[in-house]
Amino acid sequence: MNTPNYVDIFDTTLRDGEQVPGCKLNTKEKLIIAKRLDEMGVDIIEAGFPISSPGDFKSVEEISKLVKNARVCGLTRAVKKDIDVAAEALKYAKRPRIHTGIGTSDSHIKHKFNSSRERITEMAKEAVTYARKFVDDVEFYAEDAGRTDNDFLAKICEEVIKSGATVLNIPDTTGYCLPEEYGQKIRYLINNVKGIEKAVISCHCHNDLGLSTANSISGVINGARQIECTINGVGERAGNTSMEEVVMIMRQHPDLNLDTKIKSKLLYSTSQMVSESMGMPVQPNKAIVGSNAFAHSSGIHQDGFIKNRETYEIIDPEDVGVQESSIVLTARSGRAALAYRAKKVGFDLTKLQLDIVYKEFLRFADEKKEILDRDIPIIIQKSNIDI
Ligand code: KIV
Ligand code: ZN
């Protein structure tokens with residue numbers, strides 16, 4: 001088995017994730033999350049946007065003091081004042097990174113900056129050169145790279161590498177790209193940017209069309225080696241790439257020969273922690289961490305699962321920190337599921353007994369949407385069988 005190519009996990013729950021309307025985290029909550037991200041093996045923690053508010057500055061500063069292993073990163077615009085403030089907030093970090101950049105699509109250049117490609121390139125170079133005066137690790141983001149012309153994107157990437165950028169972030173800011181298109185963009189940069197071997201390419205994908213995970217995976221298949229993501233996929237509008245999804249995709253597909261250093265057993269509890277502190281419930285059918293991710297409810301699936309877990313499960317729930325899969329009892333469940341759950345609560349039914357109890361069970365289940373463990377003894381008692 002080859003040693004896999006490691007993909008760095010850049011977590012932006014505390015910056016892009018925290019931009020979600022109504023989901024402000026205080027410094028104490030951010031510190032608890034940052035500590036957990038560090039423990040779970042995140043490579044880079046984007047702690048905030050220091051110039052945006054005194055509270056955010058304080059959070060970045062405190063996280064910088066706390067974090068032991070991960071790099072700590074602060075966001076800036078391509079503006080000297082932003083960079084000064086970020087450098088100040090990061091001064092206690094063992095491994096600080098400044099993340100600076102500017103919009104590069106024609107739409108951003110015209111409508112946001114009323115500028116030109118030449119001027120934007122100059123501003124990008126100046127920002128990276130300036131940030132390098134404070135730290136050795138400078139990540140450049142080409143905002144709206146997803147809709148940026150590839151030739152211009154390659155040119156600006158080449159220039160910022162010359163200015164000292166160590167990481168090139170290629171955001172699909174508006175979640176517009178198709179997976180193949182995004183992957184080809186990454187491949188194009190690898191093939192056309194002089195000096196590209198000096199920098200790591202990073203994927204930062206938004207989920208406006210539900211493609212952020214697919215695009216990030218396409219990016220790493222095509223040579224990117226960092227994924228920017230958030231716990232539960234929280235983030236602007238429809239959100240960012242979800243960490244739990246990209247980590248488990250690489251783990252479940254060893255054929256890709258890609259992996260991360262994330263301790264996947266901490267994914268579920270971290271998802272719960274972030275959901276509770278942000279006050280943002282996780283949708284039940286969310287991949288990997290949703291409450292239904294390991295719940296089997298139709299009779300056919302339950303029967304297969306009870307015979308062999310692998311018939312309907314591709315991930316062992318314990319690998320992501322979920323104690324066990326569940327068999328949900330509803331009117332769609334079959335005898336196998338009822339027998340399985342009855343046994344778990346102490347009733348080992350014979351075939352004959354099961355036939356009788358099953359009839360009573362269906363009467364109950366038609367009335368009550370879901371049959372819980374505490375309902376099973378009542379159903380058995382109503383069935384009038386000798387136990
Ligand atoms: O989506 C985006 O383009 C961003 C950048 C600021 C990195 O979040
Ligand atoms: Zn973003």
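An unreviewed UniProt entry annotates the chain as 2-isopropylmalate synthase of Elysia marginata.

K.L.:
I tried to follow the overall build of the chain on my own but got confused; where do I start?
P.N.:
A count of helices and strands for the chain gives 14 helices and 12 strands. With the C-alpha coordinates aligned to their principal axes, the bounding extent of the chain is approximately 85 × 40 × 40 Å. For the chain, buried positions account for 45% of its 387 residues.

K.L.:
Quick question: what am I supposed to make of the packing of helix H1 (residues 27–39) against helix H2 (residues 54–66) here?
P.N.:
Between two packed helices, both the angle of their axes relative to each other and the distance between the axes serve to describe the pair. Relative to each other, H1 and H2 sit at 35°, their axes nearing to 10 Å. Relative to H2, the crossing made by H1 is right-handed. Contact with H1, carried on its side by Thr27, Lys30, Leu31, Ala34 and Lys35, involves Gly55, Lys58, Ser59, Glu62, Ile63 and Leu66 of H2 and no other residues of that element. For the contact of H1 with H2, the class distribution of residues is four nonpolar, three polar and four charged.

K.L.:
Just checking my understanding: could you explain the environment of Gly219 for this structure?
P.N.:
Looking at the secondary structure, you find Gly219 in helix H8 (residues 212–221). The sequence separation of Gly219 and Glu276 amounts to 57 residues, and the corresponding C-alpha distance is 31 Å. When near neighbours in sequence (up to four residues on either side) are disregarded, Gly219 contacts Tyr182, Gly183, Ile186, Cys203 and Ala224.

K.L.:
What's the story with the nonpolar core in this structure? I'm lost.
P.N.:
Nonpolar side chains tend toward joint burial in soluble globular proteins. In terms of nonpolar packing, the biggest core is built from 90 residues, with Ile45, Val72, Ala124, Phe140, Cys157 and Ala165 touching the most fellow members. Ala165 has contacts with Val128, Val138, Glu139, Phe140, Val160 and Ala199, leaving out every residue within four places of it along the chain. If you look at the next biggest cluster of nonpolar residues, it comprises 13 residues, including Leu349, Val357, Ile376 and Ile380.

K.L.:
Even after reading the chapter, I still don't get the environment of Ile120, so can you show me in this structure?
P.N.:
With respect to the element layout, Ile120 can be found in helix H5 (residues 117–132). With 240 residues separating them along the chain, Ile120 and Glu360 place their C-alpha atoms 72 Å apart. Once residues within four sequence positions are removed from consideration, Ile120 is found in contact with Ile102, Thr104, Ile109, Phe113 and Ser115.

K.L.:
When you look at helix H6 (residues 150–162) in this model, what are you seeing that I'm missing?
P.N.:
An α-helical turn contains 3.6 residues, so any two residues separated by three or four positions project in the same direction. With 13 residues, H6 ought to run about 18 Å at 1.5 Å a step, and its terminal C-alpha atoms sit 18 Å apart, in line with that. Residues of H6 that are buried in the fold lie against H5, strand E6 (138–143), strand E7 (167–172) and helix H7 (179–192).

K.L.:
In this structure, what is going on with the site of ligand 1? I would like to understand it.
P.N.:
Around ligand 1 sit Asp16, Tyr141, Glu143, Asn169, Pro171, Thr173, His204 and His206, and that is every residue in its neighbourhood. Its residues placed into classes, the shell around ligand 1 shows two nonpolar, four polar and two charged.

K.L.:
Can you walk me through the pairing of strand E2 (residues 8–11) in this structure?
P.N.:
Within a regular strand, the side chains alternate between the two sheet faces. The pairing of E2 with strand E9 (residues 226–229) spans four bridges and is classified as parallel. Within E9, the residue paired with Asp8 across the bridge is Gln226. When E2 meets strand E3 (residues 44–48), the two strands line up parallel, connected through two bridges. What sits directly across from Phe10, in E3, is Ile44. In this fold, the crossover linking E2 to E3 by way of H1 has right-handed handedness.

K.L.:
In this structure, what is going on with the UniProt feature "domain: Pyruvate carboxyltransferase" (unreviewed entry) in the chain? I would like to understand it.
P.N.:
Taking the numbering used here, the UniProt-annotated feature "domain: Pyruvate carboxyltransferase" (unreviewed entry) corresponds to residues 7–268. Taken end to end, residues 7–268 has its terminal C-alpha atoms 21 Å apart, with 41% of it in helix and 18% in strand.

K.L.:
Whenever I open this one, the sheet that holds E9 confuses me. Can you help?
P.N.:
Across a sheet, paired strands are connected by hydrogen bonds in the backbone, their directions being either parallel or antiparallel. The strand order around the closed barrel formed by eight strands is E2-E3-E4-E5-E6-E7-E8-E9, and the pairing between neighbours is parallel. Averaged over all neighbouring strand pairs, the angle between strand axes comes to 25°, with direction disregarded. Of the strand pairs in this sheet, strand E4 (residues 71–75) and strand E5 (residues 96–103) are connected by four bridges, and their pairing is parallel. Opposite Leu75, over in E5, you have His99 as the bridge partner.

K.L.:
Help me understand the confidence of the model for the chain in this model?
P.N.:
Low pLDDT marks regions whose predicted coordinates should not be analysed in detail. For the chain, the mean per-residue pLDDT works out to 97, and 100% of the residues sit at or above 70. For this predicted complex, the interface score ipTM comes out at 0.99, alongside a pTM of 0.96.

K.L.:
What is the right way to look at the pairing of strand E8 (residues 200–205) in this model?
P.N.:
Counting buried positions along E8 gives five out of six residues, so the element sits mostly inside the fold. As judged from the six bridges shared by E7 and E8, these two strands associate in the parallel manner. Residue pairing across strands places Asp172 opposite Cys205, the latter belonging to E8. After leaving E7, the chain enters H7 and then returns to the sheet as E8, a path that is right-handed. In the sheet, E8 pairs with E9 via three bridges, with the strands oriented parallel. Bridge pairing in E9 links His204 to Glu228. Each parallel crossover has a hand, and the one from E8 via H8 to E9 is right-handed.

So, how was this worked out
- Residues numbered from 1 in each chain as written.
- Chains lettered and ligands numbered in written order.
- Predicted model: local features only at pLDDT ≥ 70, side-chain atom pairs only at ≥ 80, totals over all residues.
- Helix = DSSP H or I, 4+ residues; strand = E, 2+ residues; numbered from the N terminus.
- Buried ≥ 20, exposed ≤ 12 C-beta atoms within 10 Å, placed from the backbone.
- Axes fitted to C-alpha atoms, helices over the stretch in contact; angles between N-to-C directions.
- Left-handed = near helix turned anticlockwise from the far one by under 90°.
- Contact = placed C-beta atoms within 7 Å.
- Nonpolar A, V, L, I, M, F, W, Y, C, P; charged D, E, K, R; others polar.
- Core = buried A, V, L, I, M, F, W, Y, C linked by C-beta atoms within 7 Å.
- Expected span 1.5 Å × (residues − 1).
- Near = placed C-beta within 6 Å.
- Pairing = 2+ DSSP bridges.
- Right-handed = clockwise from strand over helix to strand, strands pointing away.
- UniProt positions renumbered as here; feature names shortened; annotations may be inferred.
- pLDDT = per-residue confidence, 0-100.

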